[in-house]
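# Observations on chain architecture
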Amino acid sequence: MYQPVIPLSGYGGWRFLSRTIDQQKEVYAASAAVQRTETYFRENIGSINSAEDLVNDRQLLEVALGAFGLEDDLYAKAFIQKVLDDGTLESAALSNKLSDKRYAALSKAFGFGDFDTPRTVLSDFADEILTRYKDRSFEVAVGEVDNDMRMALNLGPALNDILDTASTDTGRWFGVMGNTALRTVFETAMGFPSSFAAIDLDQQLDQFRDRAERMFGTSKVEDFANPEHQEKLIRLYMIRSEAANFSATSAGSIALTLLQGG
């Protein structure tokens, strides 16, 4: 499997990855494993007419979940089928009750619970899902080299899913807080301590909005779709994450030296 090239850590590594990402994605997408997965999906997704059909085909389900960063739910078939069957149009739908908006994005994309005819039969549906799948699986490959880079790559797509599935700014902030990877980027970039997640959710919301206003000049989640805001957020995340990693490594080295009687 292709291993992404990231010669540096931190923000310098992010700049390198940003400059080379199109070429690296092309090489990744051309790998034999990705090509086999793509061929199977294209040949079979058009025959899937229900959520049950999808969850009972492991290879198709892997692509569907991977496209939305939900690959860890591969064995939660009953839960995923419920998410898909409920759709997104009714407020009582399961995906609308979940703070993690990746589930709503998944359900909306397939349309099993929203339309009499699912979106799987559309001529461009395979392209839509496979584009997402290859982007998300490339992020997973990047994470094998440097997880901070994976978190940064996830920022834009995760925000887009939240903006597409939550209609209010409050709902969007709860979407940010409900997505572990996205929340980590915001928390770290904004300088919140590790204990921040333990306080009341409404207080967290107020703190996120206040810190966003002071640091970025806006408290609205939709404004973080702006490339300038995203780049600033990633830069701060990378710098603070690398500093924290360096401090932890240094402390560990000192402790080891002391234990060895150095």
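Look up a bit, the structure's there.
In what follows, the accompanying structure is described. Given the structure is predicted, the values throughout are model-derived calculations rather than measurements. (Residues numbered from 1 in each chain as written. Predicted model: local features only at pLDDT ≥ 70, side-chain atom pairs only at ≥ 80, totals over all residues. Heavy atoms only, no water.)

### Describing the overall build of the protein chain
The secondary structure content of the protein chain amounts to 13 helices and 0 strands. In the protein chain, the succession of α and β elements from N to C terminus is α-α-α-α-α-α-α-α-α-α-α-α-α. Computed over C-alpha atoms, the radius of gyration of the protein chain comes to 20 Å, within 12% of the 18 Å expected from 2.2 N^0.38 for 262 residues, which places it in the range of a compact globule. Judged by the C-alpha coordinates and their principal axes, the protein chain covers about 65 × 45 × 35 Å. Relative to its 262 residues, the protein chain shows a buried fraction of 44%. With the model as given, the accessible surface of the protein chain reaches about 13200 Å², and the carbon-plus-sulfur share is 50%. (Helix = DSSP H or I, 4+ residues; strand = E, 2+ residues; numbered from the N terminus. Rg over C-alpha atoms; globule rule 2.2 N^0.38 Å. Buried < 20%, exposed > 50% of the residue type's maximum accessible area, 1.4 Å probe, protein only. Areas by Shrake-Rupley, 256 points an atom, 1.4 Å probe, with all protein chains shown as cover.)

### A closer look at the environment of Glu228
Counting through the fold element by element, Glu228 comes out in helix α13 (residues 227–259). A residue is classified by how much of its surface remains accessible, and Glu228, at 66% relative accessible area, is exposed. In sequence terms Glu228 and Leu60 are 168 residues apart; their C-alpha atoms lie 36 Å from each other.

### Notes on the packing of helix α2 (residues 32–44) against helix α8 (residues 125–145)
When two helices pack together, their arrangement is given by the angle between the helix axes and the distance between those axes. One can describe the packing of α2 onto α8 by two numbers: an axis separation of 10 Å at closest approach and a directional angle of 155 degrees. It follows from the interaxial angle that α2 and α8 lie roughly antiparallel. Between α2 and α8 lies a crossing of right-handed hand. On α8, the residues that touch Val34, Thr37, Glu38, Phe41 and Arg42 of α2 are Phe125, Ala126, Asp127, Ile129, Leu130, Tyr133 and Lys134. (Axes fitted to C-alpha atoms, helices over the stretch in contact; angles between N-to-C directions. Parallel < 35°, antiparallel > 145°, perpendicular 65-115°, else oblique. Left-handed = near helix turned anticlockwise from the far one by under 90°. Contact = heavy atoms within 4.5 Å.)

### As for the packing of α8 against helix α9 (residues 147–165)
Where α8 contacts α9, the axes come no closer than 7 Å and their chain directions differ by 155 degrees. Put simply, α8 runs roughly antiparallel to α9. α8 and α9 meet at a crossing whose hand is left-handed. Mapping the contact onto sequence places Arg132, Arg136, Phe138, Glu139, Val140, Val142, Gly143 and Val145 in α8 and Asn147, Met149, Arg150, Leu153, Asn154, Pro157 and Asp161 in α9. Counted by class, the contact of α8 with α9 contains 7 nonpolar, 3 polar and 5 charged residues. (Nonpolar A, V, L, I, M, F, W, Y, C, P; charged D, E, K, R; others polar.)

### Observations concerning the packing of aromatic side chains
Taken as a whole and assessed by the stated rule, the structure comprises 12 aromatic pairs. Between Tyr28 and Phe138 the ring centres are 5.7 Å apart and the planes differ by 70 degrees, which places this aromatic pair in the edge-to-face class. One end of the pair, Tyr28, is in helix α1 (residues 10–29); the other, Phe138, is in helix α8, with 110 residues separating them in the sequence. Taking relative accessible area as the criterion, Tyr28 reaches 4% and is therefore assigned buried. Exposure remark for Phe138: the relative accessible area of 0% places this residue in the buried category. When the centroid spacing of 6.4 Å and the interplanar angle of 75 degrees are considered together, the rings of Trp173 and Phe224 count as edge-to-face. Pair noted here: Trp173 is in helix α10 (residues 169–178) and Phe224 is in the loop between α12 (201–216) and α13, with a separation of 51 residues, a long-range link. Across the pair, Phe224 and Trp173 agree in class, each one buried. Taken together, the ring pairs in this structure connect Trp173, Phe186, Phe192, Phe196, Phe208, Phe216 and Phe224 into an aromatic cluster. The residue whose ring lies beneath Arg211 is Phe192, and the NZ or CZ to ring-centre distance is 4.2 Å. (Phe/Tyr/Trp six-rings, centres within 6.5 Å; stacked < 30°, edge-to-face > 60°. Lys NZ or Arg CZ within 6 Å of the ring centre and 35° of its normal.)

### Regarding the nonpolar core
Among the nonpolar cores identified, the biggest contains 39 residues, and Trp14, Trp173, Phe186, Met190 and Phe224 are the most heavily contacted of them. Every element with two or more residues in this core is listed here: α1, α8, α9, α10, α11 (180–189), α12 and α13. With 8 residues, the single largest contributor to this core is α9. Formed by 29 residues, the second largest nonpolar core is a distinct cluster that contains Leu74, Ala105, Phe110 and Ala126. (Core = buried A, V, L, I, M, F, W, Y, C linked by side-chain atoms within 4.5 Å.)

Purely geometric numbers; function is a separate question.
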